[in-house]
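# Architecture at a glance
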Amino acid sequence: MKRLEKSSGSLAAQAIARMDETLSWYRAMPPENRSWIGLVAQAGIAAFTEWFRHPDAPQAISTDVFGTAPRELTRAITLRQTVEMVRTTIEVMESAIDEVAAPGDESILREALLVYAREIAFATAQVYAQAAEARGAWDARLESLVVNAVLSGEADEGAVSRAAALGWNSPDHVCVVLGTAPDGDSELTVEAIRRAARHAKLQVLTGVLGNRLVVIAGGNDNPLAVAKALIGPYAAGPVVAGPIVPDLLAATRSAQAAAAGLKASAAWQDAPRPVLADDLLPERAMAGDPAAREQLVEEIYRPLEEAGSALLETLSVYLEQASSLEGAARMLFVHPNTVRYRLRRVTDVTGWSPSDVRSAFTLRIALILGRLADGDPQS
């Protein structure tokens, strides 16, 4: 014991010199971190001395060895690097056994060192496991704050900074997908979303808020494809994808559209799953969503109005005549081919085809809202 205690200082110095010689990452570290690693090596050798003195006494090796270093060191040094540091220190101690041990006690000291190395390995794993759990819990709270800020319309630069701390790399195309969260452990649901996102090469921020599973996804300019890639973990029921927006700050608009779509989805019982929030514009408008009403007016009614009164009149008459070309032609005193041409122009201008039942419903709602906005007494 006396020989071991006298040698502890020189062993620590040898271990640090060996690390400087063999570990390139150690040489590249700032002086402050190298000094902390030196203290850990010294504490490890001192802890071995104390452990060798009382091998049967219960001791918290992780506290003895790693308690000298700040918690931030687990972020600066990876688990692999810590294993290399411990291995180097143990090798230095092992190479000095013949010098340190009393004659005839070499095997006793060597066996003790092997047992202690095992304990150190477990202690190292425990320290990093605890750090990972604490970091995971903190990251989950941080992610929940970001998701809630986007969903509530309170996203700001602070939310962007928090997202960056979580690894969000500010992709160009962002959308929000909403649906019902499954019963059970929400952490398992979140992890399932992450696996699906990795497979689809998407960045995600996700969380379970109440009974809703919220996913902010980036990296794809097709919201329907995004929703299909992530739909697996959602519970039964509608899943709605908001429109594509350029960044996280604008994701509030996508989230609000998706939330309004999820609320109004009950009105369209045959809606596909997943469904775009823009495909639910008429239901959202009837449910009182001002953004949907404005979008229908600005993207359908106003372009038709600017294209000339003939298109608006033809579309209105065609819809009133139960989508009959001949009926509309008689009411307008034109040839059916003229009606057909004008309806094609309606499709070109709005992107909605009057001959499709679902599109015709959307166009009818847009006409009603446009007339109401203009204060047309005939509405």
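Residues numbered from 1 in each chain as written. Predicted model: local features only at pLDDT ≥ 70, side-chain atom pairs only at ≥ 80, totals over all residues. Heavy atoms only, no water.

An unreviewed UniProt entry annotates the chain as PucR family transcriptional regulator originating from Streptomyces kanamyceticus.

### A closer look at helix α18 (residues 357-374)
For α18, built from 18 residues, the straight-helix expectation of 26 Å at 1.5 Å per residue is met to within 8% by its first-to-last C-alpha distance of 26 Å. Inspection of α18 places R358, S359, A360, T362, L363, I365, A366, L367, L369 and G370 among the buried residues, and these make up the whole buried set. Next to the buried residues of α18 lie α13 (281-286), α14 (290-307), α15 (309-320) and α17 (336-350). Near the N-terminus of α18, the side chain that reaches the backbone nitrogen of R358, with its oxygen 3.2 Å away, is that of D356. Backbone geometry just after α18 places G375 at a positive phi near 70 degrees. (Helix = DSSP H or I, 4+ residues; strand = E, 2+ residues; numbered from the N terminus. Expected span 1.5 Å × (residues − 1). Buried < 20%, exposed > 50% of the residue type's maximum accessible area, 1.4 Å probe, protein only. Contact = heavy atoms within 4.5 Å. Polar contact = N/O pair within 3.5 Å; in protein donor to acceptor, adjacent residues only side chain to side chain.)

### Section: the packing of aromatic side chains
Summed over all chains, the structure comprises one aromatic pair. Plain terms: the ring middles of W25 and Y26 are 6.4 Å apart, the flat faces sit at 85 degrees to each other, and that makes the pair edge-to-face. For Y26, a relative accessible area of 5% gives the class buried. (Phe/Tyr/Trp six-rings, centres within 6.5 Å; stacked < 30°, edge-to-face > 60°.)

### Notes on the pairing of strand β3 (residues 212-218)
β3 sits mainly inside the fold: six of its seven residues count as buried. Examined bridge by bridge, strand β1 (residues 174-180) and β3 share seven bridges and lie antiparallel to one another. When the bridges of β3 are listed, C175 appears paired with A217. Sheet analysis places strand β2 (residues 203-209) next to β3, joined by seven bridges and oriented antiparallel. Pairing of G207 across the sheet is with V214, part of β3. (Pairing = 2+ DSSP bridges.)

### As for empty space enclosed by the protein
Enumeration according to the criterion identifies two cavities of 30 Å³ or more in this entry. The space that makes up the second largest cavity amounts to roughly 50 Å³. Around the second largest cavity, the lining residues are L4, L11, F48, M93, A96, I97, V100, L109 and L113. Counting residues per element, the ones that place at least two in the lining of the second largest cavity are α1 (2-22), α7 (97-100) and α8 (106-152). For the lining of the second largest cavity, the class distribution of residues is nine nonpolar, no polar and no charged. (1 Å grid on protein atoms, 1.4 Å probe; cavity = no way out; pocket = protein on both sides within 12 Å on 5 of 7 lines; lining within 4 Å. Points joined across faces, edges and corners; volume = space filled by probe spheres on them. Nonpolar A, V, L, I, M, F, W, Y, C, P; charged D, E, K, R; others polar.)

### A word on the pairing of β1
Successive side chains on a regular strand alternate, one facing one side of the sheet and the next facing the other. Here β1 lies mainly inside the structure; six of its seven residues are buried. Looking at chain direction, β1 and strand β4 (residues 239-241) are connected through three bridges and run antiparallel. The partner of V177 across the bridge, within β4, is A241.

### Things to note about the environment of M93
Mapping M93 onto the fold places it in helix α6 (residues 79-95). The exposure class of M93 is buried, given its relative accessible area of 6%. Distance in space between the C-alpha atoms of M93 and L11 is 6.6 Å, their sequence separation being 82 residues. Beyond its immediate chain neighbours, meaning those up to four positions away, M93 contacts I45, F48 and L113.

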